[in-house]
Amino acid sequence: MLMLGGVGLLTGRHQVPGIPARLVQTTLPRLVLVPVVFRLAMLVQALWSAGLGEPSVLWTIAVLHLVPNVAEAVWIFRWSARDAAVTRLVPVADAGFAVLLTLVTALLVAPAQDSAIASITWTHLMGTVMIWTLLRGAVAGTLVIGGAVVLHFTLDPVSPLGLFLTLGTALVASLVVVGLVGASMRFALGFGEQQGRAAERERHRRDVHDTVLQVMESFAIPAPADELDPAASLDRVRRTARAQAMRIRISLEHEPSGPVGLHQRLRLLAAEMAAEGLRAEVVIQDDCGSDLSEEAAVALHDATREALRNTLKHSGTRRAVVSVEEIGGGISLTVRDHGAGFDVGDRRRGFGLENSIVARMAEVGGFARIESSPGLGTRVVLLAPSVLSLPVG
């Protein structure tokens, strides 16, 4: 269908199985660069072979050959993705230039008498066949070959077999290019979908770990009130469960009305951790991170929450400090506690450290560093750029 349905693909009436129509419409016009570059390369070769001392007629033909190629190159980079109507006119305009070049060449000099002029003329016709094949399909390219052979035979009545074979080669080359591009797009889309599904599964695992699993583990942490006041401890578990269930439900049913800044996210996180028994002091200036992207703010918030939950579960202390400062081109966030600490070199990193902290920061172009020693507490340093160089996900 890529080879025989060029018009339909460009106008959206046909679709290629497995390839979005928008992608096809954006890609096919850029294939015109193939015949344009081919023409220009052959023009340089023809002029180089002829030398600078050739008559002015050669330079006249060269200019007529050059004008449509420059115009098409400008169109590709400026208007090909904006105006489909212009895309449909490009093959017609190029064919008109090809006819004009052939007529002017026949009036000024017989191409058979000058190999350089013949090379330029035939190269231009080959490019025209390629453009029609790439944008309008194989049938249109075949019709252009027929018209070019008839025009050439009318103006210069010699055997058109050589021109026919040359233009036929251009047609076959164009079909091969389109086929390779179509196969490449299918491969790229398939690979992208596979990577997207893997990333989505990883995000789902991380969300389950950071919400449901963390809350369930917090229920298992012994507290002094469990024996002194079991009813109060049970009530605390119920309130925490209700709060977490409500938060998950809201996140599933409602989209945020607008971007939430890092400052507000950290204040809400401190309140959330306080309800679970950890006092997290947040030290941040009001205007710090005001230009931070939404994706980076979410990554910092979620990685900080994982670090605080690790403090709650493993450090043996109920206090932590979260400090934020601006650095060149980004934000540095530090989570510090003076708990039990651990040997970073001896302890195997779990899912939370690798995925909820390190991998999450890597997704936004930042990084995380965990520093800890037995008896000296733990420090988690998170760095995120203010502007993302690549889209997340």
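The rules behind these values
- Residues numbered from 1 in each chain as written.
- Predicted model: local features only at pLDDT ≥ 70, side-chain atom pairs only at ≥ 80, totals over all residues.
- Heavy atoms only, no water.
- Patch = residues over 30% accessible without salt bridge, like charges linked within 9 Å, V, L, I, M, F, W, Y side chains within 5 Å.
- Areas by Shrake-Rupley, 256 points an atom, 1.4 Å probe, with all protein chains shown as cover.
- Salt bridge = Lys/Arg side-chain N within 4 Å of Asp/Glu carboxyl O.
- Helix = DSSP H or I, 4+ residues; strand = E, 2+ residues; numbered from the N terminus.
- Buried < 20%, exposed > 50% of the residue type's maximum accessible area, 1.4 Å probe, protein only.
- Expected span 1.5 Å × (residues − 1).
- Pairing = 2+ DSSP bridges.
- Right-handed = clockwise from strand over helix to strand, strands pointing away.
- UniProt positions renumbered as here; feature names shortened; annotations may be inferred.
- Axes fitted to C-alpha atoms, helices over the stretch in contact; angles between N-to-C directions.
- Parallel < 35°, antiparallel > 145°, perpendicular 65-115°, else oblique.
- Contact = heavy atoms within 4.5 Å.
- Nonpolar A, V, L, I, M, F, W, Y, C, P; charged D, E, K, R; others polar.

By the naming in an unreviewed UniProt entry, the protein is Histidine kinase, taken from Amycolatopsis orientalis.

1. Remarks on a nonpolar patch on the surface
Judged by side-chain polarity, Leu 40, Leu 66, Val 70 and Val 74 come together as a nonpolar surface patch covering roughly 270 Å² of accessible area. The element that contributes the greatest number of residues to the nonpolar patch is helix α4 (residues 56–78), accounting for three residues. Position of Leu 66 relative to the elements: it lies in helix α4. The exposure class assigned to Leu 66 is partly exposed, which follows from its relative accessible area of 34%.

2. Observations regarding helix α7 (residues 138–155)
For α7, which comprises 18 residues, the first-to-last C-alpha distance of 26 Å matches the rise-based estimate of 26 Å (1.5 Å per residue) to within 8%. For α7, the set of buried residues is Ala 138, Ala 140, Gly 141, Val 144, Ile 145, Ala 148, Val 149 and His 152.

3. Description of the pairing of strand β1 (residues 279–283)
Alternating positions in β1 separate cleanly, Ala 280 and Val 282 being buried on one face and Arg 279, Glu 281 and Val 283 remaining unburied on the opposite face. Note: β1 against strand β2 (residues 319–327), five bridges, orientation parallel. The partner of Glu 281 across the bridge, within β2, is Val 321. Remark: the β1/helix α12 (residues 294–315)/β2 crossover connection has left-handed handedness.

4. Structural notes on the UniProt feature "transmembrane region" (unreviewed entry) in the protein
Sequence positions flagged by UniProt for "transmembrane region" (unreviewed entry) are, in local numbering, residues 57–77, 89–110, 131–155 and 161–183. Annotated as 96% helix and 0% strand, the span residues 131–155 places its first and last C-alpha atoms 23 Å apart. As annotated, residues 161–183 comprises 100% helix and 0% strand, and the C-alpha atoms at either end are separated by 33 Å.

5. Considerations on the packing of helix α3 (residues 33–50) against helix α6 (residues 115–136)
Axis angle and axis distance: for two packed helices, these are the angle between their axes and the distance between the axes, and together they describe the pair. Running from N to C, α3 and α6 cross one another at 175 degrees; their axes reach a closest spacing of 9 Å. Taken together, α3 and α6 sit at an angle that is classed as roughly antiparallel. Of the residues in α6, those in contact with Val 34, Pro 35, Phe 38, Arg 39, Met 42, Leu 43, Ala 46 and Ala 50 of α3 are Ala 116, Ser 119, Ile 120, Thr 123, His 124, Met 126, Gly 127, Thr 128, Met 130, Ile 131 and Leu 134. Here the contact of α3 with α6 is built from residues that sort into 13 nonpolar, five polar and one charged.

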